[in-house]
Amino acid sequence: MADSAGQKIAAGGVASLRLSAGVALAALPWLVAAIFVLAALLAPWLAPHDPVAGRAAPMQQMFSDGHLLGTDALGRDTLSRLLFGLRPMLVVSLGAVALALAAGGAYGLVSGTAGGRTDWAMMRAVDILMSFPLILAAILVLAALGPSLFNVTLAVAVSQLPIFARLARALAAGEAARDYVLAARAAGFSELHVMLREVAPNIARPLLVQATSVVALAALTAAALSYLGLGVRPPAPDLGYMVKEGQELLFIAPEQALLPGLLIAVFALAVSFCGDQLADVERRGGGA
Amino acid sequence: MIAEIARRLAFLPVTLFVVATLVFLALRALPGSTVDMLASSFSTAGLRDQLIAQLGLDQPLWKQYLIYVGDLVRGDLGRSFITGRDVATMVGETLPVTIELAVASLVVMMVVGLGMGLAAAARPGSLLDGALRFVAMTLFALPWFWFGILMIVVFSLWLGWLPAFGRLPSSVTYEPVTNFVLIDAILTGRPELIGPWLAHLTLPALTVGLTTAGMLMRLARAGVIETARLDFVRSARMKGVPPGRVFFRHVLRNAALGILTVIGLQFGAMLGGSVVAEVVFGYPGIGRMMVDAVLTRDYAVAQGAALVLAVLYVLVNLVTDLAYRWADPRLRREPGR
């Protein structure tokens, strides 16, 4: 049983699986993610109805005339709302990760390159931010700033900031101890130059890989905040909030709550696999 | 080791103080502060000013802060802006509910996550390993609230097996003593409480436990595989130790430490994360209380709840960390710093 474990690991479980299943399987998550982005971009042309305007008409079931996925309690077309609801999910998750990557990465870069007391103090500040459970930190930010698309992005970014700050710090500290950095310093280049031109390019790749793998987490956090009523203001369509609205109709039309959540789950799963693939490549290729 | 504990405990009040200050600043000092929020909900200016004065919100910020810290030291979390109830009492009622849920979720997570992780690590690269990793990935990618609703649809609506809402059926009279149903059932000799309590606990605990099990599975798997690579395992195998014994006595024993740390950290996260499950299932815990307070702009309650959750999180992490150091002899003699 376990005695062949060592050799099998050496062969690389994921690698063998991928080779046998072919490139198609590996491409699938990227394809799904691309479809999500395209659908969100093309929502105005794809959506059969206005996502916000309701009609004083009885709720339509799935597959009824003109409403493929039915309507919600306010007579709004569910398919159209789902398509437009993709937009805040993508904007918030990608925006938040980009923000957290930029801010946390810069913070960690300064901390790791500087070293010494500066490094110590900067990392203790991150520890304190970490003393809040992620979602609690996000809720506090939203409680302070009030709900809006931008504030949700900010809240999710704050909750992810420590991840990037710590990783960037560890990577930068490792690079800063190397000879080429010593050489640059000895040559009289400024600290700013050392940080931006010497250290930063060498820690960018693992940071970007990390960014890909937390997009799913960002999307899930953002969706949870919307579900709690702290996200996008109604009537603007948003997948997380649609689940909440749909929950009221659970006995009549459970699909109204289940469909938007399914989209969130599929998106999160697809980007998780994308992130995993990149991390695998990084681990095998960038082993140095 | 003792020095380490002392050092960490000495640092604890500092951490708690900073956490309390951050909570205060988040809710009072940022733009869109309490005063503006309250002001928008009262039509007559006179009534508004009266209320603001009553709540002490007309004082300068530094003075409010001193009052806040002074109250905290005496264990006073203030009163609800809306109901006027004592926040500390409200926390006393809702926190045990959340702890019950977190512990139950932890059990689910450990059983499922460890079971899957160890099964996958026993034969890395096998079909079972691939399938389990896919399941773990899927569990991780499920939005908690949506998974909870899916459970309600399947187990309450379609199958009718389990209740979907609340902590106890309204037909049951429950006079709380400690607010832990299980303890109260034993203390007051009412075993009939336990059945309905467990029935209500099942779906929320499965929701939180299963969605977090994916992460534990991956870490447990990685930990075991990493350990199996080490030289002493190879030596044991070459000595002719049977594979099962190598797995349980050599690999698992050494991988256990890292896994336990992860579980401790996850428990802390569960305290915060059960917020969502509590809202989905109408479970009267502290997380739901906090979200309701944020939505109704009842800042005294939101502040108290956030503070208590953060403090608990810090404490759980501290205990986990110390337990880890204590359990691993290699870390016991680590020089301070």
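Residues numbered from 1 in each chain as written. Chains lettered and ligands numbered in written order. Predicted model: local features only at pLDDT ≥ 70, side-chain atom pairs only at ≥ 80, totals over all residues. Heavy atoms only, no water.

Caption draft 1: Representation of the overall build of chain B in the model. From N to C terminus, chain B includes 14 helices and zero strands. From first element to last, N terminus to C terminus, chain B shows the α and β order α-α-α-α-α-α-α-α-α-α-α-α-α-α. Counting the 337 residues in chain B, one finds 48% classified as buried. Long-range contacts, defined here as pairs at least 24 residues apart, represent 71% of the contacts in chain B between residues at least 6 apart. Accessible area for chain B stands at about 16,100 Å²; split by element, carbon and sulfur atoms hold 67% of it. (Helix = DSSP H or I, 4+ residues; strand = E, 2+ residues; numbered from the N terminus. Buried < 20%, exposed > 50% of the residue type's maximum accessible area, 1.4 Å probe, protein only. Contact = heavy atoms within 4.5 Å. Areas by Shrake-Rupley, 256 points an atom, 1.4 Å probe, with all protein chains shown as cover.)

Caption draft 2: Representation of the interface of chain B and chain A within the structure. Each side of the interface is counted separately: chain B has 51 residues, and chain A has 45 residues. Across the interface of chain B and chain A, roughly 4,600 Å² is buried in total on both sides, 79% from carbon and sulfur atoms. By the criterion of area lost to chain A, the three top residues of chain B are B:Met137, B:Phe145 and B:Trp146, representing 13% of everything that side buries. On the surface where chain B and chain A come into contact, there are one salt bridge. Sorting the residues of the side of chain B that touches chain A by element identifies α1 (2–29), α6 (127–141), α7 (144–158), α9 (194–228), α11 (243–280), α12 (286–295) and α13 (299–327) of chain B as the ones contributing at least two each. The leading source of residues in the side of chain B that touches chain A is α11(B), at eight residues. Of the residues belonging to the side of chain B that touches chain A, the class tally is 40 nonpolar, six polar and five charged. (Buried area = accessible area lost by both parts, 1.4 Å probe. Salt bridge = Lys/Arg side-chain N within 4 Å of Asp/Glu carboxyl O. Nonpolar A, V, L, I, M, F, W, Y, C, P; charged D, E, K, R; others polar.)

Caption draft 3: How the structure looks around the pattern of salt bridges. Throughout the structure, instances matching the rule amount to eight salt bridges over all chains. For B:Arg218, the salt bridge identified is with A:Asp276, shortest N-O distance 2.9 Å. Residue B:Arg218 is located in helix α9, and its partner A:Asp276 is located in helix α12 (residues 255–285); the two belong to separate chains. Given a relative accessible area of 19%, A:Asp276 falls into the buried group.

Caption draft 4: Region of the structure containing the environment of A:Val181. Residues and elements named next belong to chain A. Note on placement: valine 181 falls in helix α9 (residues 179–186). Taking C-alpha positions, valine 181 is 44 Å from isoleucine 264, a pair spaced 83 residues apart along the chain. For valine 181, the residues in contact, after removing those within four places along its chain, are Glu175, Ala176, Val194 and Val199.

Caption draft 5: Geometry of the nonpolar core. Formed by 145 residues in total, the largest nonpolar core has its most connected members in A:Ile139, A:Leu228, B:Phe145 and B:Ile149. Per-element tally for this core: the top contributor is helix α10 (residues 191–227) of chain A, with 17 residues. Non-local contacts of A:Ile139, meaning those with residues more than four positions away in its chain, are made with A:Leu225, A:Leu228, A:Leu230, B:Val275, B:Met290, B:Val291 and B:Val294. Counting 12 residues, the second-largest nonpolar core is a separate cluster that includes B:Leu101, B:Leu193, B:Trp197 and B:Tyr283. (Core = buried A, V, L, I, M, F, W, Y, C linked by side-chain atoms within 4.5 Å.)

Caption draft 6: Quick look at the confidence of the model for chain A. Residues of chain A with pLDDT of at least 70 account for 85%, and the chain-wide mean is 80. Of all helices and strands in chain A, the one with the weakest mean pLDDT is helix α1 (residues 5–11) of chain A (52), whereas helix α5 (residues 78–114) of chain A scores best (88). (pLDDT = per-residue confidence, 0-100.)

Caption draft 7: Structural detail: the environment of B:Ala222. Residue and element names in this part refer to chain B. Take alanine 222: it is sitting in helix α9. Note on alanine 222: relative accessible area 36%, which makes it partly exposed. Taking C-alpha positions, alanine 222 is 19 Å from arginine 245, a pair spaced 23 residues apart along the chain.

Caption draft 8: Summary view of a nonpolar patch on the surface. Residues and elements named next belong to chain A. Together, Val37, Leu38, Leu41, Leu42, Trp45 and Leu46 give the surface a local cluster of nonpolar side chains, amounting to about 630 Å² of exposed area. For the nonpolar patch, the secondary structure elements donating two or more residues are α3 (23–41) and α4 (43–46). Residue contributions to the nonpolar patch peak at three residues, all from α3. By the secondary structure assignment, leucine 42 is in the loop between α3 and α4. (Patch = residues over 30% accessible without salt bridge, like charges linked within 9 Å, V, L, I, M, F, W, Y side chains within 5 Å.)

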